Amino acid sequence: YTARAEMSPILFEGFMANGIAAGGQLTTTSEVENFPGFPEGIHGAELCDRLREQSLRFHTKILTETVQRVDMSRRPFTIFGDNTVVEAATVIIATGAV
């Protein structure tokens, strides 16, 4: 929704533990049975691909790196990735599974 509202979103897609794969645990999940819109279930990697494609369709900037910390002590907020530092007016945090 932020991309459709032309808010120039940036998505840090992160890595699973030990840098195995971009996108996190869902990329290695064989069957997701409780995601809305897929009554028969969907393979985790396919769901990730579809979500990524949708984000790109609306010009979301995707960074394949892990967020190390976020400074929320002042505005704009500062997000520190592995190789990138970003300032943002709003931050949505979705940590996923550990």
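Provided above is the structure to which this section pertains.
Residues numbered from 1 in each chain as written. Predicted model: local features only at pLDDT ≥ 70, side-chain atom pairs only at ≥ 80, totals over all residues. Heavy atoms only, no water.

## Some thoughts on the packing of aromatic side chains
To describe a pair of aromatic rings, one takes the distance between the centres and the angle between the planes.
Reasoning step 1: Evaluated as defined, the whole model comprises 1 aromatic pair.
Reasoning step 2: Relative to Phe38, the ring of Phe35 lies with its centre 6.2 Å away and its plane at 45°, an arrangement referred to as tilted.
Reasoning step 3: By relative accessible area, which is 33% here, Phe35 ends up partly exposed.
Reasoning step 4: According to the relative accessible area criterion, Phe38 is buried, its value standing at 19%. (Phe/Tyr/Trp six-rings, centres within 6.5 Å; stacked < 30°, edge-to-face > 60°. Buried < 20%, exposed > 50% of the residue type's maximum accessible area, 1.4 Å probe, protein only.)

## Considering helix α1 (residues 44-57)
Reasoning step 1: A rise of 1.5 Å per residue sets the reference length of α1, with its 14 residues, at 20 Å; its end C-alpha atoms lie 20 Å apart and thus fit the reference within 8%.
Reasoning step 2: Taken together, the buried positions of α1 are Gly44, Leu47 and Cys48. The arc that holds the buried residues of α1, viewed along the axis, is 100°, so those residues lie on one side. Among the exposed residues of α1, those pointing more than 90 degrees away from its buried face are Glu53 and Arg57.
Reasoning step 3: Note on α1: the residue one or two positions beyond its end, His59, has a positive phi of about 65°. (Helix = DSSP H or I, 4+ residues; strand = E, 2+ residues; numbered from the N terminus. Expected span 1.5 Å × (residues − 1). Arc of directions from axis to C-beta.)

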